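# Coordinate inspection notes
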Amino acid sequence: MIWNPSKECMPEEQKRELQGKRLHKVVDYVYHNVLFYRTKMQELGLEPGDIRTIDDIVKLPFTTKQDLRDNYPFGLQAAPQSEIIRIHASTGTTGNPTIVGYTRKDIDIWSECMSRCLTAYGVRRSDIFSVAYGYGLFTGGLGVHYGVENLGATVVPASTGGTQKHAKLLKDLGITGLACTPSYALHLAEVVEKSGIGKDELKLRVGAFGAEPWTESMRQEIESRLGLKGYNIYGLSEIMGPCVSYECECQHGSHINEDHFYPEIIDPQTLRPIPAGEDGELVFTTLTKTGMPVLRYRTRDLCSLLPGDCPCGRTFVRMSSIKGRTDDMLIIRGINVFPSQVESVLLGIPECAPYYRLIVDRVNNLDTLTVQVEARAEYLSRDMDTLSPIAALEKKVAARLRDVLSISSAVQIKMPGSLERFEGKAKIVTDNRKLI
Ligand code: DLL
């Protein structure tokens, strides 16, 4: 079943015409309402009238995460505050988070796009659907929630945590659908098993997993342990949240909701377009957003756009799975973590030397972060007689990191000089999850 065939199955030419019209409108709108874009366009000698068809998009300036931070909090907002009905923020940024304001129209479009995703996964009104993404500033919880309600299925706003209770509800309520990060799905599976609940006692049949990279082998494991079919969902807060793209029953790439989010693939070095089928950086332009529209937003996600038609009948272009990122952002338990954030915390603690490592692992299906950092020799020589200062320092560092990163980490204080030094580029991060 297709939620909105008139859009999702639009003939190519009609789709491009619609995209062109919408692009012109959004460019005109930001030109007149966002100083940042007006200035950028004036620098390029561009006026809204120069953007007539979707092919004109290449004339427009790019937007980066740094631009969003520099204009914190509301500098890129196009709608007046009285029109904004909700705010979300991206997770784990250094310094200023990215604030995104949504108008009622934006929330309606988001719900519509989410309903398209859920319908493609096979979710129907008769389903009981549990949302175990975090509710709050993160877009996962509320984004999926509104989509389930819009579709008319029953939503269970489980959120994250409370896994034991969630396992019980899965059985007692006969929950049929589940949305969460793939790593949390595996953790949930483990808790279900430990609680003595048999797979045959669950009615789960559909899962919507995303917000972090995951592999085919992870999909198989989740499917076999929870007894459901797992589908990919992709999105990012700067563009909307979950719903930007979704797998259909063919599960060969994820269809992009192209009438609202226009994708390009560029070479991150030259910024030139890359042909279909080849990997590059994914860039999105929002075609209909009114709260905080963005032009040519560089996602830093590396993937390709898949050529050819999909047998499901949808004409929306498909993107491959995310192969990596152009920056060094780590996604740990669904939270974005930059090594530079860890560095700034460590460097702010006088007992710590500026030599550190980040080790990311997956233990019992949950991501773990271990931070190793050398203590300064002066600190240790003062307290050499006892080990407790080390334990105290580990606790202090862990608490500071938790405050900044919003996730807990295991801290190991190392002896001065014990971590390897590098002559060339330092390899600070070891990611043992081998996902990509
Ligand atoms: O993660 C939105 C979301 C919520 C998507 C729930 C899906 C489900 P951000 O916190 O802004 O938004 O993080 C966006 O997460 O640029 C990708 O690097 C990564 N990401 C999101 N979905 C996927 C996915 C939400 N399906 C960043 N596969 C993006 C791989 C994903 N990476």
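Residues numbered from 1 in each chain as written. Predicted model: local features only at pLDDT ≥ 70, side-chain atom pairs only at ≥ 80, totals over all residues. Heavy atoms only, no water.

Quick look at the sheet that holds strand β15 (residues 324-325) now. Pairing is antiparallel across the open sheet formed by 4 strands, whose spatial order is β10-β11-β12-β15. The open sheet is flanked by β10 (261-266) and β15, the only strands paired with a single partner. Judged from the 6 bridges that link them, β10 and strand β11 (residues 280-286) form a sheet pairing that is antiparallel. Considered in β11, the bridge of Ile 266 is made with Glu 281. (Pairing = 2+ DSSP bridges. Helix = DSSP H or I, 4+ residues; strand = E, 2+ residues; numbered from the N terminus.)

Within strand β7 (residues 229-236), 6 of the 8 residues are buried, which leaves it mostly tucked inside the rest of the structure. Alignment of strand β6 (residues 206-210) against β7, held across 5 bridges, turns out to be parallel. Looking at β7, one finds that Ala 208 is bridged to Tyr 231. In terms of handedness, the path from β6 via helix α9 (residues 216-226) over to β7 forms a crossover that is right-handed. Turn length for the β7-strand β8 (residues 241-247) hairpin, with the two strands adjacent in sequence and antiparallel, is 4 residues. (Buried < 20%, exposed > 50% of the residue type's maximum accessible area, 1.4 Å probe, protein only. Right-handed = clockwise from strand over helix to strand, strands pointing away.)

What follows is about unusual backbone geometry. Glycine aside, residues mostly have negative phi, and peptide bonds are mostly found in the trans state. A cis amide bond links Tyr 72 with the next residue in sequence, Pro 73, at an omega value of -5°. Mapped onto the elements of the fold, Pro 73 is located in the loop between α4 (65-70) and β1 (84-89). If you check the backbone angles, Ala 211 has positive phi at about 80° while not being a glycine. Residue placement: Ala 211 occurs in the loop between β6 and α9. The partly exposed category is assigned to Ala 211, whose relative accessible area is 31%. Phi is positive for Asn 365, which is not a glycine, with a value near 70°. Examined against the element boundaries, Asn 365 turns out to sit in the loop between β18 (352-363) and β19 (366-375). A relative accessible area of 13% means that Asn 365 is categorised as buried.

Here we take up the sheet that holds β7. On the basis of which strands lie adjacent, the open sheet formed by 9 strands has the order β4-β3-β5-β6-β7-β8-β9-β14-β13 and mixed pairing. Each having just a single partner strand, β4 (154-156) and β13 (305-306) make up the two edges of the open sheet. Pairing of β7 with β8, which is carried by 4 bridges, proceeds in the antiparallel orientation. Paired with Ile 233 across the two strands is Tyr 246, which belongs to β8. Where α9 meets the sheet, its contacts fall on β5 (177-180), β6, β7 and β8, and the angle it forms with β7 comes to roughly 130°. (Contact = heavy atoms within 4.5 Å. Axes fitted to C-alpha atoms, helices over the stretch in contact; angles between N-to-C directions.)

To continue, consider the domain arrangement of the protein chain. Each assigned domain of the protein chain is listed here: domain 1 (1-326) and domain 2 (330-435). Put simply, the middle of domain 1 and the middle of domain 2, counted by C-alpha atoms, are 32 Å apart. Counting residues at the interface gives 17 residues for domain 1, matched by 14 residues for domain 2. Both faces considered, domain 1 and domain 2 share a buried interface measuring about 1400 Å² in area, 55% of it formed by carbon and sulfur atoms. Along the contact surface separating domain 1 from domain 2 lie 2 residue pairs in polar contact (both at pLDDT 80 or more). Of all elements in the fold, only α8 (182-194) and α9 reach the threshold of two or more residues within the side of domain 1 that touches domain 2. (Domains from an automatic or database assignment. Buried area = accessible area lost by both parts, 1.4 Å probe. Polar contact = N/O pair within 3.5 Å; in protein donor to acceptor, adjacent residues only side chain to side chain.)

Quick look at the environment of Val 411 now. Within the fold, Val 411 resides in strand β20 (residues 410-414). Judged by relative accessible area, which is 11%, Val 411 ranks as buried. C-alpha separation for the pair Val 411 and Leu 393, spaced 18 residues apart in sequence, amounts to 9.0 Å. With near-sequence residues (within four places) excluded, Val 411 lies in contact with Val 371, Glu 394, Val 397, Ala 398 and Leu 401.

Okay, the pattern of salt bridges next. One pass over the full model with this rule turns up 28 salt bridges. Here Lys 21 ties to Glu 17 by a salt bridge, and the two come within 3.7 Å at their closest N and O atoms. Pair noted here: Lys 21 and Glu 17 are both in helix α2 (residues 12-33), with a separation of 4 residues, about one helical turn. Each member of the pair, Lys 21 together with Glu 17, is exposed. Here Asp 279 and Lys 323 are joined by a salt bridge, their closest N and O atoms 2.9 Å apart. Here the residue Asp 279 occupies a position in the loop between β10 and β11, and Lys 323 occupies one in the loop between β14 (318-319) and β15, the gap between them amounting to 44 residues. (Salt bridge = Lys/Arg side-chain N within 4 Å of Asp/Glu carboxyl O.)

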